[in-house]
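Single-letter residue listing:
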Amino acid sequence: NYWDLRNQDGMKVKMVATAKSYGDAGLLYYMDRRGECRSRIISYADGFVICSHNDQNGDRLLEALYYEADNKTYIDCWDDRLFYRWEANNKGEWTLERFNGGHGFKENPLITKRTRVAWEGTQSLIESYEIMYNIFQVLQRKWGWGLLYVKGRLDKNAQKIAGNIVLNDVSYEGKGDAKFLEPPAPQNMIDTLDNIFERIQIASGTTFILPKDIHTSSDTSGVAVQMTQSLDIQTAKNGIVEWQNVADKMVRLFKQGLAMEFRNKRMFPEEDIKVLEELNINASFDIWQPYSESEYNQALATMRNAGILS
């Protein structure tokens, strides 16, 4: 019952979302004041700049975080054994503010990932859409309203019948006229905006489904959902390969942190804790997608009858 993974799936999803939003993200494992293993997301949105250092082969040597706190500038560094913090004074001189002989993990406890933001391949299309939509809004506010055109000599005492105002032409010729002039239809610009909107989805591998796009209240089949979100699914499949090392390291660090937590609390014998540390666990990301409840239930019943599920 202790293997609840401390919401590891949620941390994985949050790290991916952060990296897709800012271009990089980090996940730091640490032991809190109670001796329990915890993790936290590191991102540019929180004021951290991730500075990773590799050797000539591309293998990670050092992870560093540059940030400001309490009107001071710090650099926190982790390697495979040690943690140390540097602090800058008002003159820009750096001094070693804190040194820890060992963070306790068998590898660097900070996981970092640098990737492309979700909209990188569509930035120019997004800018074109924004510019054209702003122009469309300006034109609609100025010319998008109808006009009531009245011709003739009107009686000052207009009549109001059933909420409608009746204007009488009192001129001798009696050729008065009134009509409502509609503005030109901006259909060409609307079609262009829709076309750019579709190109953004294709270039970014994303499907935008709005409530207005759902035309049925029945249980939509899983095949239809997969076809609708084919771009999303393919993009996610490509991302699984890219994020495989992150998933593996998350499991390794959590396993190491959990072993240290067991030792701190003396919950299990040492030989059992060593078995946990040496246990090989495979990890991978999975693609979430909406599904049909009826088809899902039918699949469970089929596997139950086939003896696959208990």
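Right above here is the structure, for reference.
Residues numbered from 1 in each chain as written. Predicted model: local features only at pLDDT ≥ 70, side-chain atom pairs only at ≥ 80, totals over all residues. Heavy atoms only, no water.

Examining the sheet that holds strand β6 (residues 83-88)
An order of β3-β4-β5-β6-β7 is seen for the five strands of this open sheet, with the pairing classed as antiparallel. Two strands lie at the open edges of the sheet, namely β3 (49-54) and β7 (94-100), each paired on one side alone. Between one strand axis and the next, the sheet turns by 20° as a mean value, whatever way the strands run. When strand β5 (residues 72-78) meets β6, the two strands line up antiparallel, connected through six bridges. By the bridge assignment, Trp78 is partnered in β6 with Phe83. (Pairing = 2+ DSSP bridges. Helix = DSSP H or I, 4+ residues; strand = E, 2+ residues; numbered from the N terminus. Axes fitted to C-alpha atoms, helices over the stretch in contact; angles between N-to-C directions.)

Points about the packing of aromatic side chains
One pass over the full model with this rule turns up ten aromatic pairs. Judged by centre distance (6.2 Å) and plane angle (45°), the ring pair of Tyr129 and Phe197 falls under tilted. On the criterion of sequence distance, the pair formed by Tyr129 in helix α2 (residues 123-143) and Phe197 in helix α3 (residues 187-204) is long-range, its members being 68 residues apart. The class for Phe197 is partly exposed, based on a relative accessible area of 29%. Judged by centre distance (6.3 Å) and plane angle (35°), the rings of Tyr133 and Phe136 are tilted. Of this pair, Tyr133 and Phe136 both sit in helix α2, three residues apart, which is roughly one turn of the helix. A relative accessible area of 12% means that Phe136 is categorised as buried. Every member of this aromatic cluster is reached through a ring pair, and the members are Tyr129, Tyr133, Phe136, Phe197 and Phe208. In this structure, Arg85 packs its charged tip against the face of Tyr74, placed 5.7 Å from the ring centre. (Phe/Tyr/Trp six-rings, centres within 6.5 Å; stacked < 30°, edge-to-face > 60°. Buried < 20%, exposed > 50% of the residue type's maximum accessible area, 1.4 Å probe, protein only. Lys NZ or Arg CZ within 6 Å of the ring centre and 35° of its normal.)

Section: a nonpolar patch on the surface
Where nonpolar side chains cluster on the molecular surface, the patch consists of Tyr22, Tyr44, Val49, Tyr66, Trp86, Trp94, Leu96 and Phe99 and spans about 810 Å² of accessible area. The biggest single contributor to the nonpolar patch is β7, with three residues. On the secondary structure map, Tyr44 appears in the loop between β2 (37-42) and β3. (Patch = residues over 30% accessible without salt bridge, like charges linked within 9 Å, V, L, I, M, F, W, Y side chains within 5 Å. Areas by Shrake-Rupley, 256 points an atom, 1.4 Å probe, with all protein chains shown as cover. Salt bridge = Lys/Arg side-chain N within 4 Å of Asp/Glu carboxyl O.)

Focus: the sheet that holds β2
Read across the sheet, three strands follow the order β2-β1-β8 without closing on themselves; strand pairing throughout is antiparallel. Of all strands in the sheet, those with a lone pairing partner are β2 and β8 (110-114), marking the two edges. The average angle at which neighbouring strand axes cross in this sheet is 15°, direction not considered. Here strand β1 (residues 24-31) pairs with β8 via five bridges, running antiparallel.

Considering the layout of surface pockets
Considered as a void within the structure, the largest pocket measures approximately 1200 Å³ in volume. Forming the walls of the largest pocket are 32 residues, and the residues nearest its centre are Val16, Lys20, Asp232, Thr235 and Ala236. If you list the elements that add at least two residues to the lining of the largest pocket, you get α1 (8-22), α3 and α5 (230-242). In terms of residue count, α5 provides more of the lining of the largest pocket than any other element does, eight residues in total. (1 Å grid on protein atoms, 1.4 Å probe; cavity = no way out; pocket = protein on both sides within 12 Å on 5 of 7 lines; lining within 4 Å. Points joined across faces, edges and corners; volume = space filled by probe spheres on them.)

Read these as layout, nothing more, since geometry by itself doesn't imply function.
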